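Spelled out, the chains give:
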Amino acid sequence: MFNKETYIRRRQELKRLVGEGLILLFGNNEAPANYPANAYSPMRQDSTFLYYFGQHRDGLVGVIDVDNDQEWLLGDDIDIEDIVWMGFVPSVADLAAEVGVAKTASLNTLFTICKHAVSSGQTVHFLPPYRHDTKILLMDLLGIHPSKQKEAASVGLIKAVVQMRSTKEPQEIEAIERACDVGYLMHTTAQRIIRPGITERYVGGQVDGVARSLAQGVSFATIFSQHGEIMHGNPSDALLEAGRLALCDAGCELDDYCSDNTRTMPVSGKFTQRQLEIYSIVEACHDYVLEVARPGVKYQDVHFAVCRLMTDRLKELGLMKGDTEEAVRAGAHAMFLPHGLGHMMGMDVHDMEGLGQIYVGFDNETRPNLEQFGTNCLRMGRRLQEGFVVTDEPGIYFIPHLIDLWRKEGHCKEFLNFDKLEQYKDFGGIRIEDDLLITADGCRFMGKNRIPYHPQELQEFMSK
């Protein structure tokens, strides 16, 4: 939690941006894993609620009446039964005082507030809900069926929240840096212990253990797999095999902010020549972003600059052919890179994605292309601004089913060497990812320690 003045200032700015109406910001409740008393732990608070109200306790709702310049923190105080099992928790009034909110009341008061707002014609603003208990509560409060709530959510509130949360304050940047430092320990743990004969699950568990020991936990389910061509390959019981590559995509959450890094490493500790040829392309694309990403540049343009570099290098290996500009325009590069270069990052690992990517990663100037394979997965396209934190995560993947499908359909055959691609069906995939802070005159990677990724450096680190 930051100081009280931070939350007061943020709520004042939110009121200014939204301009009118009643704002509802729902905190989260405990989520049962398999029966009510066995909840997922620790509870994850809603990020936007945290941004404006700062408290982690379950069962809270923040209310901001813009028209009358009033603020409430609503929630029920715990009773002795809760104290016996969970320990003492400060009163809602004490929690409110910590973040500069003057008014508190029980959660039932929310019904009275909303009823008055609706009857008086006051606009009620809420964000797209993503938890079913919140959807049910919204239906009870406003009479909007859960199937209609996403489209009924306030675009004005969404845009205001995105505007504020996109540009990170110095204290937020410091928090992300700390999370990146734990991320360094997570990934170097994997690099130190990986070897043939142990399971993917074992390595993934050790990586998760670092996050649980030094932070609030992981920022997303750890990806660790020898099948790097599967974007979200969770650890399995498969034994690591000599000569293969293992991809580790992992991050932590610390002080409510996230890290997100990916490294790809040779299980045997040394790259083969074929692996090194592909790896060096991904390495070059990853580092090229440092040269071109800066305030005022569209991240969409950075993405396609990377795609052109990747295409040129794949042509040198004989995997692609033809004119580079035409190949990228046709989407031929998506055979190898079927996702975008990166996404916003902050309190959420895909920051604010639940508010709608059309508002987070795009704007009125920069619109997504939802028709073309690969480009339709571009999460971040709009112009960069100082204080943005985005991921830089190019990859090259050889997906057997995709190769077979495109070959059968003749898709982009003028740009792809399918005979050569057949020889790479057993390759897997490579991704290198770091978190990028946009600065006044360029950008830099976050975290004081860089997880080894240059081939010689990585092999030397793994041999220690």
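The shown structure was predicted, so the numbers you read here are calculated from the model rather than taken from an experiment.

Parameters at a glance
Residues numbered from 1 in each chain as written. Predicted model: local features only at pLDDT ≥ 70, side-chain atom pairs only at ≥ 80, totals over all residues. Heavy atoms only, no water. Helix = DSSP H or I, 4+ residues; strand = E, 2+ residues; numbered from the N terminus. Rg over C-alpha atoms; globule rule 2.2 N^0.38 Å. Contact = heavy atoms within 4.5 Å. Phe/Tyr/Trp six-rings, centres within 6.5 Å; stacked < 30°, edge-to-face > 60°. Buried < 20%, exposed > 50% of the residue type's maximum accessible area, 1.4 Å probe, protein only. Axes fitted to C-alpha atoms, helices over the stretch in contact; angles between N-to-C directions. Parallel < 35°, antiparallel > 145°, perpendicular 65-115°, else oblique. Left-handed = near helix turned anticlockwise from the far one by under 90°. Pairing = 2+ DSSP bridges. Patch = residues over 30% accessible without salt bridge, like charges linked within 9 Å, V, L, I, M, F, W, Y side chains within 5 Å. Areas by Shrake-Rupley, 256 points an atom, 1.4 Å probe, with all protein chains shown as cover. Salt bridge = Lys/Arg side-chain N within 4 Å of Asp/Glu carboxyl O. Arc of directions from axis to C-beta. Nonpolar A, V, L, I, M, F, W, Y, C, P; charged D, E, K, R; others polar.

Draft legend 1. Region of the structure containing the overall build of the protein. Counting secondary structure elements, the protein contains 17 helices and 18 strands. Against the 2.2 N^0.38 benchmark of 23 Å for 464 residues, the protein shows a C-alpha radius of gyration of 24 Å, consistent with a compact globule. Overall size of the protein, expressed as C-alpha extent along the three principal axes, is 70 × 50 × 40 Å. A sequence separation of at least 24 residues applies to 73% of the contacts in the protein between residues at least 6 apart.

Draft legend 2. Here's a closer look at the packing of aromatic side chains. As enumerated under the stated definition, the model contains nine aromatic pairs in all. With a centroid separation of 4.9 Å and 80° between ring planes, the pair formed by Y51 and Y52 is classed as edge-to-face. Each of the two residues, Y51 as well as Y52, counts as buried. Each residue in the set F336, F398, Y424 and F427 is aromatic and connected to the rest through ring pairs, giving one cluster.

Draft legend 3. Structural detail: the environment of G340. As for its position among the elements, G340 is in the loop between helix 13 (324-330) and helix 14 (357-360). A relative accessible area of 8% places G340 in the buried class. In sequence terms G340 and V118 are 222 residues apart; their C-alpha atoms lie 42 Å from each other. Not counting the four nearest positions on each side in its chain, G340 is found in contact with H303, C377, L378 and E393.

Draft legend 4. Quick peek at the packing of helix 1 (residues 4-18) against helix 8 (residues 155-166). Viewed as axis vectors pointing N to C, helix 1 and helix 8 meet at an angle of 135°, and their least axial separation amounts to 9 Å. Taken together, the axes of helix 1 and helix 8 are oblique relative to one another. When the axes of helix 1 and helix 8 are compared, the crossing they make is right-handed. Along the contact surface, helix 1 presents R10, E13, L14, L17 and V18, while helix 8 presents G156, L157, A160, V161, Q163 and M164.

Draft legend 5. Focus on the sheet that holds strand 9 (residues 223-225). Within the open sheet, the three strands sit side by side as 9-10-13. Their pairing is antiparallel. In this open sheet, the two edge strands, each paired with only one partner strand, are strand 9 and strand 13 (261-266). Looking at each pair of strands side by side, their axes are set apart by 10° on average, direction ignored. As defined by bridge partners, strand 10 (residues 245-250) adjoins strand 13 across six bridges and the pair is classed as antiparallel. Across the sheet, L245 pairs through a bridge with P266, a residue of strand 13.

Draft legend 6. A look at the sheet that holds strand 4 (residues 61-65). Spatial strand order, 6-5-4-1-7: five strands in an open sheet with mixed pairing. Because the sheet does not close on itself, it has two edges, and the strands there are strand 6 (103-105) and strand 7 (124-125). Relative to strand 7, strand 1 (residues 22-26) runs parallel, the two sharing two bridges. Bridge assignment links L22 to a residue of strand 7, and that residue is V124.

Draft legend 7. Representation of a nonpolar patch on the surface in the model. On the surface, a nonpolar cluster with roughly 560 Å² of combined accessible area is contributed by I80, V84, W85 and M86. Relative to the helices and strands, V84 is located in helix 3 (residues 80-86).

Draft legend 8. Broad picture of helix 17 (residues 455-463). The set of residues buried in helix 17 consists of P455, L458, Q459, F461 and M462. One side of helix 17 holds all its buried residues, which, seen down the axis, span an arc of 160°. On its buried face, helix 17 is in contact with helix 9 (170-193), strand 13 and helix 11 (273-292).

Draft legend 9. Just the pattern of salt bridges, in detail. Taken as a whole, this structure holds 31 salt bridges when the rule is applied. Two residues, R313 and E316, come together in a salt bridge whose shortest N-O distance is 3.8 Å. With R313 and E316 both in helix 12 (residues 299-316) and three residues apart, this pair spans about one turn of that helix. Since its relative accessible area comes to 24%, R313 is described here as partly exposed. Measuring nitrogen to oxygen at the nearest pair gives 3.0 Å for the salt bridge that ties R379 to E353. Within this pair, whereas R379 is found in the loop between helix 14 and strand 14 (389-392), its partner E353 is found in the loop between helix 13 and helix 14, the two being separated by 26 residues in sequence.

Draft legend 10. Structural view of the pairing of strand 10. Counted residue by residue, strand 10 has six buried out of six residues, so it is predominantly covered. Burial along strand 10 is two-sided: L245, L247 and D249 and A246, C248 and A250, pointing in opposite directions, are all buried. Both strand 9 and strand 10 contribute to a ladder of three bridges, which runs antiparallel. Bridge pairing in strand 10 places I223 opposite D249.

Draft legend 11. Structural detail: the packing of helix 9 against helix 10 (residues 200-214). Where helix 9 contacts helix 10, the two axes come as close as 9 Å, and the packing angle between them is 155°. Taken together, helix 9 and helix 10 sit at an angle that is classed as roughly antiparallel. Crossing geometry of helix 9 relative to helix 10 is assigned as right-handed. Listed contacts from helix 10 to V182, L185, M186, T189, A190 and I193 of helix 9 are Y202, V203, Q206, V207, V210, A211 and L214. Classifying every residue of the contact of helix 9 with helix 10 by side-chain character gives 11 nonpolar, two polar and no charged.

Draft legend 12. The pairing of strand 17 (residues 434-438), seen in detail. A large share of strand 17 lies buried, amounting to five of its five residues. Residues D434, L436 and I438 point to one face of strand 17 and D435 and L437 to the other, with burial holding for every one of them. Remark: four residues form the turn of the hairpin made by strand 17 and strand 18 (residues 443-445), two consecutive strands paired antiparallel.

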